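Each chain, letter by letter, is given below.
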2 protein chains.
Amino acid sequence: MLGRMGLSIGQVAERTGLSVHALRFYEKEGILAHQVHRGPGGRRVYTQQDVDWLRMCIMLRMSGMPVPEIRRYTELVRQGDGNELQRLDILKEHQERVRQQMVQLQDCLDLITHKVGIYQDYVNSIAAKAVGQ
Amino acid sequence: MLGRMGLSIGQVAERTGLSVHALRFYEKEGILAHQVHRGPGGRRVYTQQDVDWLRMCIMLRMSGMPVPEIRRYTELVRQGDGNELQRLDILKEHQERVRQQMVQLQDCLDLITHKVGIYQDYVNSIAAKAVGQ
DNA sequence: CTACGAACTAGAGCCGCCTCTAGGTCAAGA
DNA sequence: TCTTGACCTAGAGGCGGCTCTAGTTCGTAG
């Protein structure tokens, strides 16, 4: 049961939506800000902070930040104070990429919506004819 | 030189931004609405319509539609009139996915922007201190 | 002639990101 | 005692989407 603050890998999987496989993979990839503590039998014991960190990583991944870049960011955080400017650079760069991504996506959406409109009108007109006869 | 309407694979690559490899790959995957005509020596000859179609496919891909689904859509178009409702379904479904994607992306962007703000303030305050001394 | 550039085919290879397997430990419950 | 289930490690495997290789065939330019 791990005491009130400790979470098993399964519980973290539930809470984050990641698979236990993915959690171990992320750890191996150096994507955890603080080394995961081990309980009896060598089992991982996560804290709420780990879960919070993972949730942020999930946001970064979802928005397309590659694993190696998340690792670089994580390493800076692990190193501690003094590199805030570098962290800021990574975040700003990513922010810009996400903005561009959204613009692109909006263009795609406009095209799709345009085509949906055309097909919808066509399908409606066919249906109207069928009723008319 | 291919006559005024015919384009070589290289020209289409230039015009679409796809690689010639990708163009052959897309064709093999059944992602061309009309069979590509072949010129002397078995070389592909594309029309402007092919380019237009490819540009739409690129939009679908960019917005995350998987190749197999683009193929299904393409097949419907190849079959000709009568299946507009099915085409509409595919487009609407994708439209919805893109919308959700944008919402997600906006959430990510909000988080990132929030963090950028925090780091920016911090970095500014450090800079201010340095000036003050 | 020869040599270049651009095209061709079939199929292998690569990258990113997990996902799964094999073989094992351990604790609690029937 | 035996089984079940959650966990462990190391490493193989899979998937989507290209990308590249090998070995040719052309047509034009030097």
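These notes cover the structure that comes with them. Every value quoted in this text rests on a predicted model; they were computed, and no experiment measured them.

Rules behind the numbers
- Residues numbered from 1 in each chain as written.
- Chains lettered and ligands numbered in written order.
- Predicted model: local features only at pLDDT ≥ 70, side-chain atom pairs only at ≥ 80, totals over all residues.
- Heavy atoms only, no water.
- Near = heavy atom within 4 Å.
- Helix = DSSP H or I, 4+ residues; strand = E, 2+ residues; numbered from the N terminus.
- Polar contact = N/O pair within 3.5 Å; in protein donor to acceptor, adjacent residues only side chain to side chain.
- Nonpolar A, V, L, I, M, F, W, Y, C, P; charged D, E, K, R; others polar.
- Contact = heavy atoms within 4.5 Å.
- Buried area = accessible area lost by both parts, 1.4 Å probe.
- Salt bridge = Lys/Arg side-chain N within 4 Å of Asp/Glu carboxyl O.

1. Thoughts on the protein's contact with DNA strand D
Step number 1: In the vicinity of DNA strand D lie 18 residues, with Ser8, Arg24, Arg43 and Arg44 of chain A together with Arg61 of chain B positioned nearest.
Step number 2: Expressed as a percentage, the sugar and phosphate content of the atoms of DNA strand D within 4 Å of the protein is 71%.
Step number 3: Those elements that place two or more of their residues in the surface near DNA strand D are α1 (9-16) and α2 (20-28) of chain A together with α2 (20-28) and α4 (67-79) of chain B.
Step number 4: Of all the elements, α2 of chain B adds the most residues to the surface near DNA strand D, at 3 residues.

2. Regarding the protein's contact with DNA strand C
Step number 1: Around DNA strand C sit 18 residues, and of these Tyr26 and Arg61 of chain A together with Gly10, Arg24 and Arg44 of chain B come closest.
Step number 2: When the atoms of DNA strand C within 4 Å of the protein are grouped by moiety, sugar and phosphate amount to 68% of the total.
Step number 3: In the model, a phosphate oxygen of DNA strand C is placed 2.6 Å from a nitrogen or oxygen of the Arg24 of chain B side chain.
Step number 4: Broken down by secondary-structure element, the contributors of at least two residues to the surface near DNA strand C are α2 and α4 (67-79) of chain A together with α1 (9-16) and α2 of chain B.
Step number 5: Counting residues per element, the surface near DNA strand C draws most heavily on α2 of chain A, which supplies 3 residues.
Step number 6: Tallied by class, residues from the surface near DNA strand C come to 6 nonpolar, 5 polar and 7 charged.

3. Points about the interface of chain B and chain A
Step number 1: Contact residues are listed per partner, giving 33 residues for chain B and 33 residues for chain A.
Step number 2: The junction of chain B with chain A conceals about 3300 Å² of combined surface from both sides, 79% of it contributed by carbon and sulfur atoms.
Step number 3: Interface area lost by chain B to chain A is led by Met102, Leu105 and Tyr119 of chain B, which between them contribute 19%.
Step number 4: At the boundary of chain B and chain A, one finds 0 salt bridges.
Step number 5: Taken together, the connections running from chain B to chain A amount to 6 residue pairs in polar contact (both at pLDDT 80 or more).
Step number 6: Secondary structure elements with two or more residues in the side of chain B that touches chain A: α3 (48-62) and α5 (84-132) of chain B.
Step number 7: For the side of chain B that touches chain A, the leading source of residues is α5 of chain B, giving 27 residues.
Step number 8: Looking at the side of chain B that touches chain A residue by residue, the class counts come to 19 nonpolar, 8 polar and 6 charged.

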